[in-house]
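# Examining the three-dimensional arrangement
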Amino acid sequence: MVSALALAALSAGGAHASARYDSKARVFRLDGGDVTYAFGINPAGYLESIYWGGRLQDGDPLGPIPALRDHSSVDMAASIAPQEFPGQGAGTFAEPTLKLAYPDGVRDVVLKYVSHKIAGDTITIALRDVSRPVDVTLRYEIDPETGIVGRSATIANNGKGWVRIDQAESASYTLPVGSDYRLHYLTGRWAAEWTLQQRPVTEGATVIESRRGSTGHQNNPWFAIDRTAVSTEESGPVWFGALAWSGSWRISVDKDQIGKVRIVGGYNPYDFAYRLQPGEKLETPVFYAGYSSRGMGGASRLMHRFQRDEILPGNGKPKIRPVLYNSWEATEFAVDEAGQMALAEKAARIGVERFVMDDGWFGARNSDKAGLGDWTVNRTKFPNGLKPLIDKVKSLGMEFGLWVEPEMVNPDSDLYRAHPDWVINFPTRPRSEGRNQLVLNLARKDVRDHLLKVLDDLVSANDIRFLKWDHNRNWSEPGWPEVAPEDQQKLYVEYVRNLYWILAELRRRHPGLEIESCSGGGGRVDLGIMALTDQVWPSDNTDPFDRLTMQDGFSHAYAPAVMMAWVTDSPNWVNKRETSLEYRFLSAMQGGLGVGANLNHWQDEDYATATRMIAAYKTVRATVQQGDLYRLVSPQQGSEHSATLSVAPDRRQAVLFAFLHSSTKLEPAPAIRLQGLDADRRYRVSRLGGGTLPAGMPVEASGRFWMEQGVDPALRGDFQAIGLLFEAVG
């Protein structure tokens, strides 16, 4: 007899048709890629987690869920049940996903199952409070290829009075009882983003968050959990996830009273309150989560593929990142028509495809103290507007891009003098400045519409193909005086939603426009902003050695397809470290390649090296940006070595980047064993950018040879690097 689950799978269209319901067991099941995610309705009517891991066979028993008894008088059933969306009520002491307050003082919410709908790979569940007219709709969607689940919630007030939401999370994920779970997450600060951290998962919550109004440098909304006893870079279980939200957020990881691990994420409840009037709703961000049985590397590759196929603009075909030049380090604020044209000629000489003029082109912008907010061309620097420069850039075969920071304003600006009420502020309180600027209140419709208009006019009047969209400070005094005091904390949601609206509308009006998310470096990188931008700026720190660990951390969560990396001058301004130009290029070529050096100071040999390396990069960038990444040798924990391998989807090309910090006492280094090649194909190896191979390295061998025997890059000295290109023969 065919089970109900099997029938659902057959009727839905095969192995990748993934959403189904077993009415007898009262179990929902999502299947995608190599993953099964299952949950059900327990006898008390709560939605409860059942299974999340490797893909199960159809018909495998997943229910019904037995009645759960109180563990003790102080740990009641509702608290220890692994609820999918627990409210603060019924004796629940685990981290709630929803906290409410009513006008009569009640602060209790108990959500139980009402109904569901299934459409394709999506399940929607209707929950309702046991006595109040509050409804919650949960949305579950699984990606058929990667098995990554997207979860979100919509809270609706269907009563006659207001309801205040004090906490609204997107989802609660549960892992089974285990004693060796290990949490990985990313921390940082300006010029030191993407630091990979790890700690055991024990009783006592670990909380990673931003309270800054934006994603923030300090923590990133990504996590991964593996098992110390069995997980490695390329094997063993890993559960991972990321929030698609660019405002204040929080993810908490805790082991409950009976040993299960709970991961809860969504809006940060810090300073949060969102009052719903009758008939109003609040939708949470999507909290994406996935599972891999192939270690952290497998988890990263799934996340990278999901971002390329489902998150980034391009409908599953994101554009290859062109090689760009940015003028900031050459000129800073001292931009003018003649100087930028001269830089453009030099950039075109080395093969640059996109020329980006940075800060200083607008208003009274001669330093960071004035002009921000006045998005009109400075006629002293550009007497005829931007057109002559843009025409020059285009005549050299490049696209033109421009730096903007639309969300900010200097007090010394025409915009602020005309609209001092447009900034986020508390009346009668000081207005704290960061980098001599304040934050415009995008939650206001008039501010939102003004910003769209000035940006639309700027792009419409000029042939601008790219905007570097910066955001150089976090919030302070988060007030919105134009609305009622009890509604001002809606700022945390409405600001970000209007930011998304501006980006989406600007892209709709200008389909050829591409945008980079930058926030004083990597302060706004998340799956929410990535859905509306084409690339991100990981850090203002361009030291090529520092970037190895930073790019390693970045790659755990986000795809090389969006990671911009620049070649800048030596010694680098961060550490005064000196490195060769080829080393700097090889470090930057592991993502989207840019050049930010002062080309006015380069010698002929520098131009020759850059021309050679950029030409080489163009032959491998599709593989680097859209292939599979293998972190072969980690640069973490003070390692002297680092190596990554990017493998094309068809496995006909692979490129190895290997780095040495310092060699010591003729210590031999182990061979680097490649991964992801076709074992039965033969690959010919050459040096990326030209040059001879290391002594003793064969010119051609099978994929199996390169993966089993490996390669010896024979690096000696300080800050040495090599790139090796492997191409299938025949």
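All residue numbers here refer to positions counted from 1 along the written sequence of the relevant chain. Only residues with pLDDT of at least 70 get local features here, since the model is predicted, and only at 80 or more are side-chain atom pairs given and counted; chain-wide, interface and lining totals rely on the full set of residues. In computing side-chain properties, one takes all heavy atoms of the structure into account and sets aside hydrogens as well as water.

### What to know about the overall build of the protein
Counting secondary structure elements, the protein contains 14 helices and 36 strands. Here the C-alpha atoms of the protein give a radius of gyration of 27 Å, agreeing with the 27 Å that 2.2 N^0.38 yields for 730 residues. Projected onto the principal axes, the alpha-carbon positions of the protein cover approximately 75 × 70 × 50 Å. Scored against the burial criterion, the 730 residues of the protein give a buried share of 61%. Put simply, DSSP H or I for four residues or longer makes a helix, DSSP E for two residues or longer makes a strand, and each gets a number counted from the N terminus. The globule rule is 2.2 Å times the number of residues to the power 0.38, and the radius of gyration it is compared with is taken over C-alpha atoms. The classification of residues rests on relative accessible area computed with a 1.4 Å probe and restricted to protein chains. Under 20% of the type maximum is buried, over 50% is exposed, and intermediate values are partly exposed.

### What about the packing of aromatic side chains?
Only Phe, Tyr and Trp rings are paired, with Trp represented by its six-membered ring, and only when their centres lie within 6.5 Å; those with planes under 30 degrees apart are stacked, over 60 edge-to-face, the remainder tilted. All chains considered together, the criterion is met by 37 aromatic pairs. Here the aromatic rings of tryptophan 602 and tyrosine 607 are separated by 5.5 Å at their centres, their planes lie at 75°, and the arrangement is edge-to-face. By relative accessible area, which is 10% here, tryptophan 602 ends up buried. Take tyrosine 607: its relative accessible area is 4%, and that puts it in the buried class. Geometrically, a lysine NZ or arginine CZ counts as sitting over a ring once it is within 6 Å of the ring centre and also within 35 degrees of the ring normal. Here arginine 227 stacks its cationic end above the ring of tyrosine 181, 4.4 Å away from the centre of that ring.

### Considerations on the environment of leucine 586
Within the fold, leucine 586 resides in helix 12 (residues 581-588). Here leucine 586 falls in the buried class, since its relative accessible area comes to 0%. Sequence separation between leucine 586 and isoleucine 722 is 136 residues; the distance between their C-alpha atoms is 7.2 Å. Apart from residues lying up to four places away in sequence, leucine 586 is in contact with Met613, Phe657, Phe659, Leu688, Ala721, Ile722 and Gly723. In what follows, a contact means two residues having at least one pair of non-hydrogen atoms within 4.5 Å.

### Remarks on the sheet that holds strand 2 (residues 27-32)
Two strands pair under a simple rule: DSSP has to find at least two bridges between them. Pairing is antiparallel across the open sheet formed by four strands, whose spatial order is 1-2-3-4. Looking along the sheet, the strands with just one partner apiece sit at the ends: strand 1 (19-22) and strand 4 (47-54). When the angles between neighbouring strand axes are averaged without regard to direction, this sheet yields 20°. Where strand 3 (residues 35-41) meets strand 4, seven bridges bridge the pair, whose relative direction is antiparallel. By the bridge assignment, tyrosine 37 is partnered in strand 4 with tryptophan 52. Comment: axis = line fitted to C-alpha atoms, over the contacting stretch for helices; angle = value between 0 and 180 degrees taken between N-to-C directions.

### Focus: the sheet that holds strand 30 (residues 592-595)
Ordered in space as 28-27-26-23-22-21-30-29, the eight strands form an open sheet in which the pairing is parallel. Either end of the sheet is taken by a strand with one partner, and the two such strands are strand 28 (535-536) and strand 29 (564-567). Bridge analysis of strand 22 (residues 354-357) against strand 23 (residues 399-404) gives four bridges, and the strand direction is parallel. Its bridge partner lying in strand 23, valine 356 is registered against glycine 401. Seen against the sheet, helix 12 touches strand 29 and strand 30 and runs at an angle of roughly 175° to strand 29.

### Examining the environment of tyrosine 607
Position of tyrosine 607 relative to the elements: it lies in helix 13 (residues 604-626). Non-local contacts of tyrosine 607, meaning those with residues more than four positions away in its chain, are made with Lys346, Arg349, Ile350, Leu599 and Trp602.

### Observations regarding the nonpolar core
The criterion is simple. A nonpolar core is a set of buried Ala, Val, Leu, Ile, Met, Phe, Trp, Tyr and Cys residues joined through side-chain atoms within 4.5 Å. Judged by nonpolar contacts, the single largest core of 179 residues is most densely connected at Ile165, Ile263, Trp361 and Phe585. Not counting residues within four places of it along the chain, the set of residues in contact with isoleucine 263 comprises Ala171, Ser172, Tyr173, Leu175, Phe223, Ile225, Ile251, Ser252, Val253 and Phe287. Counting 25 residues, the second largest nonpolar core, distinct from the first, contains Leu674, Ala679, Leu715 and Ile722.

### Digging into the confidence of the model for the protein
Per residue, pLDDT captures the predictor's confidence, and it can take any value from 0 to 100. Mean pLDDT over the protein works out to 95, with 98% of the residues at or above the 70 mark. In the predicted structure, residues 1-15 sits below a pLDDT of 50 and forms 15 contacts with residues beyond four places in sequence or in another chain.

### Things to note about the side chain of lysine 468
On the secondary structure map, lysine 468 appears in strand 26 (residues 466-469). By relative accessible area, which is 4% here, lysine 468 ends up buried. Beyond its immediate stretch of four places on either side in the chain, lysine 468 contacts Asn326, Asp358, Leu402, Trp403, Val404, Glu516, Cys518, Trp537 and Trp566.

### Describing the packing of helix 8 (residues 445-461) against helix 9 (residues 491-509)
Contact pair helix 8 / helix 9: the axes reach a minimum separation of 10 Å and the direction vectors enclose 30°. By the angle class used here, helix 8 and helix 9 are roughly parallel. Considering only the axes of helix 8 and helix 9, their crossing is right-handed. Contact residues: Arg448, Asp449, Leu451, Leu452, Leu455 and Asp456 in helix 8; Asn498, Trp501, Ile502, Glu505, Leu506 and Arg509 in helix 9. If an angle is under 35 degrees, it is roughly parallel; if it is over 145, roughly antiparallel; if it lies from 65 to 115, roughly perpendicular; otherwise it is oblique. Handedness of each helix crossing follows the sense of rotation of the near helix against the far helix: counterclockwise by less than a right angle gives left-handed, clockwise gives right-handed.

### A look at the environment of proline 86
Tracing the chain through its elements places proline 86 in the loop between helix 2 (77-80) and strand 5 (98-101). By relative accessible area, which is 1% here, proline 86 ends up buried. In this structure, the C-alpha to C-alpha distance between proline 86 and lysine 99, residues 13 residues apart in sequence, is 9.3 Å. Not counting residues up to four positions away in its chain, the partners in contact with proline 86 are Thr92, Glu95, Pro96, Thr97, Leu98 and Ser172.

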